[in-house]
Amino acid sequence: MNTIDFFDAYKAENPSAITIGTFDGVHMGHKKIIENLIVKSEGLSTMLLTFFPHPRMVLQQDANIKLINTIEERIQLLEATGLDTLIIYPFNKEFSRLKARDFVRDFLIDHLNLKKIIIGYDHRFGRNRTANIDDLREFGEALDFKVEEIQAKEIDDITISSTKIRKALNEGNITTANTYLGYEFMLTGTVVSGKGLGKTIDFPTANIHIKETYKLIPKQGVYCVKSTIDNKPVFGMMNIGTNPTVAGTDQTIEVHFFNFDRDIYNEKIQIQFIQRLRDEQKFDSVDKLKEQLKKDQQKSLALIEKYHAK
């Protein structure tokens, strides 16, 4: 997949079939749209136009938007779909004021060589989002491109799926989120120095810093997780929370990997969530915490055995 984030200098050589959207989560519903695009492309180059930052981040700066994927994660997931090209347009206020016809002519046709567009029945675009699919059909007749509508049920299913994924993550229901996603929810971050408490109780942890403040972090608690380090799968358990047993106040994300002993400070790693184990708790002592962590580890190891048996 060719990823383009320097739009102004880009002109597609080949005629294209395009779909447009945020595609946050790149979940099962999104994948159906992309599969549909590829199947119905009629030999055209397949292209997805997405925007970053999210339009609401720009137009509603006080909105507390939390996305399922960072932009890097979205690219990673879309690379596996079979798309030819991903266009990431840097959304800004100037772009939001562009008239619908200008967007179609100057962007979709002049830059992206549009010949076919597959779009949702409720898609709105142009200044103040005043244009709809009927306007797009008119433009298609005048500017020589085809318009195909994604059925209402498919779009509704996608909206429902996104809502359910966010709700499930906020509630810590990883199993439901993963089912709708069609893959394991992930966090991507850099390993940074922590307070070192884990080492003193034989549960050393990698502290994960996620720079993207818009990334949705699941409900606080303990999770069974997986990562890939040095091209090998590594399993462990993660705590998202404030470490109340030692009077912590700031939220941290800490992973204890099983059977792993390598310095990974300053490395970027990705964590996949397998299942939630429990809420974060405040224990009467560090020894009580250590006892519970041993139980969490045993539960995690049992889940990992089932994971391998899938």
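When you look at the side chain of histidine 256 in this model, what are you seeing that I'm missing?
Tracing the sequence through the fold places histidine 256 in strand β11 (residues 252-257). A polar atom in the side chain of histidine 256 sits 2.8 Å from the backbone oxygen of proline 204.

How should the pairing of strand β3 (residues 45-51) be read in this particular structure?
Consecutive side chains along a regular strand alternate between the two faces of the sheet. Summarising burial for β3: 7 of the 7 residues are buried, a large majority. A two-sided burial pattern is seen for β3, the buried positions comprising Ser45, Met47, Leu49 and Phe51 on one face and Thr46, Leu48 and Thr50 on the other. Both strand β2 (residues 16-20) and β3 contribute to a ladder of 5 bridges, which runs parallel. Counted as the bridge partner of threonine 19 is leucine 48 from β3. What joins β2 to β3 is helix α1 (residues 28-39), and the crossover it makes is right-handed. Here β3 pairs with strand β4 (residues 85-89) via 5 bridges, running parallel. Considered in β4, the bridge of phenylalanine 51 is made with tyrosine 89.

Explain the side chain of threonine 46 to me, please; I cannot follow it from the model alone.
Within the secondary structure, threonine 46 sits in strand β3. Taking the relative accessible area as the measure of exposure, threonine 46 reaches 3% and is therefore buried. Beyond its immediate sequence surroundings of up to four residues, threonine 46 is in contact with Ala17, Leu37, Ile38, Ser41, Gly82, Leu83, Asp84 and Thr85.

Before we go on, may I ask you to explain unusual backbone geometry in this structure?
With the exception of glycine, most residues fall at negative phi, and the peptide bonds are largely trans. Residues phenylalanine 52 and proline 53 are joined by a peptide bond in cis, for which omega reads 5°. Here proline 53 shows up in the loop between β3 and α2 (55-59). Phi angles above zero are rare outside glycine, and asparagine 113 is one such case at about 60°. Examined against the element boundaries, asparagine 113 turns out to sit in the loop between α5 (100-109) and β5 (114-120). A positive phi is found at asparagine 259, a non-glycine position, where the angle reads about 50°. Mapped onto the fold, asparagine 259 is located in the loop between β11 and β12 (268-278).

How should the layout of surface pockets be read in this particular structure?
Summary: where empty space remains is shown by rolling a probe the size of a single water molecule over the atoms. In this model, the largest pocket occupies a volume close to 1300 Å³. As for the largest pocket, its lining consists of 40 residues, of which Gly21, Thr22, His54, His123 and Arg129 are closest to the centre. Looking at the lining of the largest pocket, the elements that each hand over two or more residues are β2, α1, α2, α4 (93-96), β5 and α7 (152-170). By residue number, the principal contributor to the lining of the largest pocket is α7, which donates 6 residues. Residues of the lining of the largest pocket, tallied by class, amount to 17 nonpolar, 15 polar and 8 charged. Approximately 970 Å³ is the volume attributed to the second largest pocket. Around the second largest pocket, the lining is made up of 42 residues, and of these Gly198, Phe203, Pro204, Thr205 and Glu254 lie nearest the centre. Broken down by secondary-structure element, the contributors of at least two residues to the lining of the second largest pocket are α9 (197-200), β8 (206-209), β10 (232-241), β11 and α10 (286-309). Here the lining of the second largest pocket gets 5 residues from one element, more than from any other, and that element is β11. Its residues placed into classes, the lining of the second largest pocket shows 19 nonpolar, 14 polar and 9 charged.

What's the story with the packing of aromatic side chains in this structure? I'm lost.
Each aromatic ring pair is summarised here by two numbers: the centre-to-centre distance and the angle between the ring planes. A full pass over the atoms with the stated rule returns 15 aromatic pairs. Here the aromatic rings of phenylalanine 51 and tyrosine 89 are separated by 6.5 Å at their centres, their planes lie at 80°, and the arrangement is edge-to-face. Taken together, the positions of phenylalanine 51 in strand β3 and tyrosine 89 in strand β4 put the pair 38 residues apart, joining distant regions of the chain. Between phenylalanine 257 and phenylalanine 260 the ring centres are 5.6 Å apart and the planes differ by 70°, which places this aromatic pair in the edge-to-face class. A residue is classified by how much of its surface remains accessible, and phenylalanine 260, at 24% relative accessible area, is partly exposed. Grouped by ring-pair contacts, the aromatic residues Phe51, Tyr89, Phe91, Phe95, Phe103, Phe107 and Phe125 constitute a single cluster.

So, how was this worked out
- Residues numbered from 1 in each chain as written.
- Predicted model: local features only at pLDDT ≥ 70, side-chain atom pairs only at ≥ 80, totals over all residues.
- Heavy atoms only, no water.
- Helix = DSSP H or I, 4+ residues; strand = E, 2+ residues; numbered from the N terminus.
- Polar contact = N/O pair within 3.5 Å; in protein donor to acceptor, adjacent residues only side chain to side chain.
- Buried < 20%, exposed > 50% of the residue type's maximum accessible area, 1.4 Å probe, protein only.
- Pairing = 2+ DSSP bridges.
- Right-handed = clockwise from strand over helix to strand, strands pointing away.
- Contact = heavy atoms within 4.5 Å.
- 1 Å grid on protein atoms, 1.4 Å probe; cavity = no way out; pocket = protein on both sides within 12 Å on 5 of 7 lines; lining within 4 Å.
- Points joined across faces, edges and corners; volume = space filled by probe spheres on them.
- Nonpolar A, V, L, I, M, F, W, Y, C, P; charged D, E, K, R; others polar.
- Phe/Tyr/Trp six-rings, centres within 6.5 Å; stacked < 30°, edge-to-face > 60°.

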